[in-house]
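# Structural characterization, general
Chain by chain, the residues run as shown.
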Amino acid sequence: MRGRVRVSCLVSALLAAPRQSLCRWRSACDRRLTAAASRIPPPGSASRLPPAMKQRSIASFFGSPVVGARGGPSSSGGDGGRVKALEPGAAPKRPGDEPKPTSKPQAAQARSPPKGKRPSQDYGVDAPRKPKRLRKAKGQGKAAQPEGVAAEEDVIDSQMESPRNEEGRGQAASVADVAGACLADSGKEDGSQGADHSDTESDADSRTSASSESEVSAENLGGRKAGKNGIAEPGGGTPGKGKATRSPAAKKRGKKKAAQSKAGKVEGVGAASEAAAALYSEFKEEDYEDWDAAKGAPYKVLTDTFQKIGNTTKRLEITLLLTNTFRRIIKRSAGDLLPAVYLCVNRVAPAHEGLELGLGDATLIKAIAQATGKKEALIKSQYEESGDLGTVAVSARHTQRVLFPLPPLTISGMFQAFKAIAMAQGSKSQDQKKQMIGKLFVSSKGNEAGYIVRSLQGKLRIGLAEQTVLTSLAHAVLLERDSTSGKGSLAERLEKAAQTVKQVYSLCPTYNVVVPALLEHGLDDLSKHAPFSPGMPVRPMLAKPTSGVSEVLDKFSDCAFTCEYKYDGERAQIHVWHDDAGKQKVQIYSRNAENNTSKYPDLVARMASCLKEGVKSAVLDCEAVAYDIQQKRILPFQVLSTRARKDVTVTDIKVQVCLFCFDCLYFNGRLLFQEPLTGRRQVLNSVIKEKEGEIQFAKAMVSREVEELEGFLNDAVAAGTEGLIVKTLDATYEPSQRSLNWLKLKKDYLEGCGDTFDVVPIGAWHGKGKRKGGYGSFLLAIYNPGLEELQTICKIGTGFSEEQLKELSDQMRGYVIGKPKKYYSYGETLIPDVWFDAKAVWEIKAADLSISPVHQAARGMADPSKGISIRFPRLVRVRDDKAPEDATTAEQVTEMYQQQTLVQAKKKSRRDMD
DNA sequence: TTTAGGGCCGG
DNA sequence: CTCGCTT
DNA sequence: AAGCGAGACGGCCCTAAA
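These numbers were taken from a predicted model, which means no experiment stands behind them.

This part covers the overall build of chain A. Within chain A, the regular secondary structure consists of 30 helices and 26 strands. Counting only contacts in chain A whose residues sit at least 6 apart along the sequence, the fraction spanning at least 24 positions is 78%. About 36300 Å² of surface is accessible on chain A, with carbon and sulfur atoms providing 52% of the total.

In C-alpha cells, the structure reads:
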C-alpha cells in the first residue's frame, strides 16, 4: 500500500508532465573567472573503513577441514579449525538439473603499482587430486600434505594473477613466459600474428611447470586492464591505437550493410574468419591429468582458459582460446559442454526463467570473510584497494589449510553449485548461500577461487561475453563434429557456422536446447532442432544513438527510412498463440528476455480484444507506457516504474498502461524476420485493432527533408516522448544485440541541446576493475545560495576518457579532506569513499530531472522534502574558469524541473484544442 | 510486525 | 541507460 | 561496427534484523 500512495502522489505530480527538454538555457551562468587553481596532487588521504564487523568463527563455515592460517590475522577465530563435513567441492546438490554457471567477477586493477609478488604463502594446501567419484569416502586421506602442493599452488596463483594489463603489453615477452604461449607470439604483434598462434593452447600446460618463474607481480586474475593509457607502455608504443588495420573486406561492408540489412547470407568471408581458420589448423589436444570422461571436465580447464582470455584483448585470440577449450570438452566429455557454456556466459539459467544468484558484493564479502576467517572490514578494504574481489578471495584463501585433499572442482559440479546457490530462497537462505560458497572455496585451488568469486559477482570481466561464446561454440562444433560437411573454405564455413548459431540462438535463446541440438545434430538444420516457438522470447532489435539529423541522413543516405516516436516506457514483446486445446495464451517479455507476464495481467487480458479476426498467433514488438486514461496522455517513465512487478492482480493496478506497437515478428505461424519493415508493418496493421489508451501504433512518418525531420523530432519531444527512432524501410529484423540497424535520435544527444549543469565534485568512490587505482565515480553538487549549501544532485561515472579520468583522479586527490564540510548537504545513505574540498567545477549533461529519494539538490523547492536528481548524467568538460559559487544554483535546477513539466503540459493542451 | 539493506532490473 | 576502448 | 565493460538513478521485492 505504501507503494500505492506514493504512486498517486507521483502521478499527480508528474501528471502534467511527461518529460521534455526544450532547449533551455544552458547553465552557463556567467563567468567569474577564477584562476584555475594550480593543483598539487598529494597522495589521497585514507578512506574510511567501514565499521568493523563481528568476526565469526571460521570453523563453522567450512564444510571441510580447514585450519586457520598461520600468520594471518585470523587468529581470533580461526586457529585450530576443526574438521567438519567434507563434501568436496562440487556442488551442493540440489535437485537442480541443468547446469549453469554464473559468475561475474569484477576485477580491478591495481590501485597502486603491483607490489611485487606476494610472499607466496605456502599454507594453503588444497590440492586434492582425488576424483570426485571417490569422494563419498568422506575421510579419505586426511593427511594433509602441504608442501608439494603448496608449491604448485603458488605457481598457479601467480599466473592467475595475471600480468596483463597495467603492465602493458609492451612487455609481451615477459608476459609470455608467464602466461604461456598465449601471448608468445605477440612478440610479433603487429601484423602477422597469424600463423603459429596455435600453440597458444598447448603451451598452456607447459606453464604449469615452466612458469614457476612467474615473478610477475601479479595483479589479479587476468582481467581487463586499465588499458594502455594508464600506464605508459614501455615497449614499442601503442600498438594499434588507430584503426590501422582493418581488412578491406570489412571496409567494404559498411554502411551498405547497415542500410540494407543482410538476411543471412555470408557475403564474403571476413578476415577474422580467415585468420581463425589458419589458427585452428594447429589445434592440439591438451592434457589434464585428472580429466577423464567419467570424472568430467575439471573446472581448472575453464579457469585456465579464463586466465588466458583475460590476458589478451585480441578477439581472435579470445575466440581461439575458447574454441579450443570447447573442442577438448567435446572430445572428452561432451556432456560438460552445456555447463561449460553456462559458466562462460555467466548465467545460471536462461533469462526468461528468472533464476538469479541473489548475491552482490556485500554478501560476497561476508561470505569470503566467513570462509577464510578474516574480518569483513579487512576483505572490504582489500577490495577497495585491489578493485577485484576475486583477487582478494584468492589471497585470503592462501591462509587456509586443508587437512586432507578434496577432489578437484569440476565444470558440471560448479554449474550445479551455482544453480543451487541461486535456488536457495526463504528464511536462512543467505546463510545457506554463504555456506555453499565457503565449500567451493575450500575445494578450490590456485586461481579458481578468484573466478568463483567473479562468477558470483556476475562479471567475469575477461572480455568474454555471449557473442564470443556463441562464435566459439559454433567453431568448436564445426571443427569437431562437422568438419567435413559444408562447402567452401574453412574460413567460410567457420563464418557461416557462427552466423547460424547466433541466429538460431537469437530465436531460441536457451542453451539447454541449442547445445544438445548442436551435439546431436550438428550445424546443418540446426534451426529445426532449436526452433523458434511462440512463447519463447526473441532477442529484440536495438537502436543506436546518433548525434543529430545530419548523422541520420548521412547514415541512411542511400535508402528510404521512416521515423517513429520513441516512447518512454519499457519494451514489451508480446506473444499470443493458442495451445493445443485451443486456448489463447499470452506471454510478455522485457527487452532482456525477462518474463514480465505476471507484471501485466491487464495487458494479457486486453490482448483478446485487440487482435483482428483470424489472428491465431503473433509476436508484437511494443513499448508499454504509463498512461492517464482521463487526461488521455502518456506519463513519464518514472510513473511506470512504480508499478508492482510480480504476480500483479488486475484490480490492484494503479498505473494504467498503453501499448505502442511498432513491429510484428511472427504472424499465424510465419516468422517475419526476413521481411522488410514495410511488410512487417502491413502485417502489424492486419493484426492490431487500435484502441485509444490501450493499444496504438507508434506514431510514424516518412520524409527525408531536414526540416520535416526536425519538426517531427520537436513534436515527439513535445508529446512527451524521448525523441525518435529512425529505421530503414527495407531493413529486416535483426534480433541479435549486435545489429543496431535502427537509430535513435534524442534531444539531449544534440549538441547545444539538453540540459547542462555546472557542478562541484565533493566526493568520490574508488574504481573497480578497469578503473582500479583511480576513482570510479564522483559525487556532484549544485549550489544553493540561500542556504549556502552545496547540495548533491547525482553521481557521475561516464563521459570521461580513461586518460581524463586518471587526470581527474590525481587532481582531486589533492583536494581530499577527512570529513565533509558542514555546508555539504547529502543523503545519509550515499556516503562516498572520500570527500573533497569544494574546488573544481565540471559541466555535465543529462536527459532530464526527477525527484530523488536521496539527492538534495533544491530540496524543498520542487518537492516539499525531496531533492532533485538527473537521469543519465555524463561529463561534458571541466570548467577551469569557474569557481564553486558559480555552479548551477538550486533555483535554476528547480526552474528546469518546472519547465520540464510545464512545457509539456502546454503543448498538450494546445493539441487538445485542435 | 515493521523496517532497513541488498539485489535485480528497467530506462 | 551513456560512454570509451579495442579489434 | 561489433563487442565488451566501466559507470549512473530509481523503483519493487526479498530477506534479515529490530
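Here the narrative resumes.
Our focus in this paragraph is the nonpolar core. Across soluble globular proteins, nonpolar side chains show a tendency to be buried alongside one another. Core analysis: the biggest nonpolar cluster contains 92 residues, and F326 and F418 have the highest contact counts within it. Split by domain, the residues of this core number at least three in each of domain 2 (274–346 + 464–529) and domain 3 (351–457). Among residues more than four places away in sequence, those in contact with F326 are L337, A340, V341, C344, V469, S472, L473 and A476. Of all hydrophobic cores here, the second largest spans 41 residues; its members include A543, L553, A716 and L743.

So, about the state of the cysteines. Counted by the stated rule, this structure contains zero disulfides. No disulfide involves C661; its sulfur sits 3.5 Å from the nearest other cysteine sulfur, which is in C622. For C661, a relative accessible area of 1% gives the class buried.

With respect to the element layout, K727 can be found in strand β15 (residues 723–728). For K727, a relative accessible area of 1% gives the class buried. For K727, the contacting residues outside a window of four places in its chain are F556, A560, F561, T562, E564, F662, L677 and W742.

Among the five residues that make up strand β23 (residues 842–846), five are buried, leaving the element largely enclosed by the rest of the structure. Pairing of strand β17 (residues 755–766) with β23, which is carried by five bridges, proceeds in the antiparallel orientation. Bridging across to β23, V759 finds its partner in W842. Both β23 and strand β26 (residues 874–878) contribute to a ladder of four bridges, which runs antiparallel. Bridging from a neighbouring strand, W842 pairs with V878 of β26.

Reading guide: rules and limits
- Residues numbered from 1 in each chain as written.
- Chains lettered and ligands numbered in written order.
- Predicted model: local features only at pLDDT ≥ 70, side-chain atom pairs only at ≥ 80, totals over all residues.
- Heavy atoms only, no water.
- Helix = DSSP H or I, 4+ residues; strand = E, 2+ residues; numbered from the N terminus.
- Contact = heavy atoms within 4.5 Å.
- Areas by Shrake-Rupley, 256 points an atom, 1.4 Å probe, with all protein chains shown as cover.
- Core = buried A, V, L, I, M, F, W, Y, C linked by side-chain atoms within 4.5 Å.
- Buried < 20%, exposed > 50% of the residue type's maximum accessible area, 1.4 Å probe, protein only.
- Domains from an automatic or database assignment.
- Disulfide = S-S within 2.5 Å.
- Pairing = 2+ DSSP bridges.

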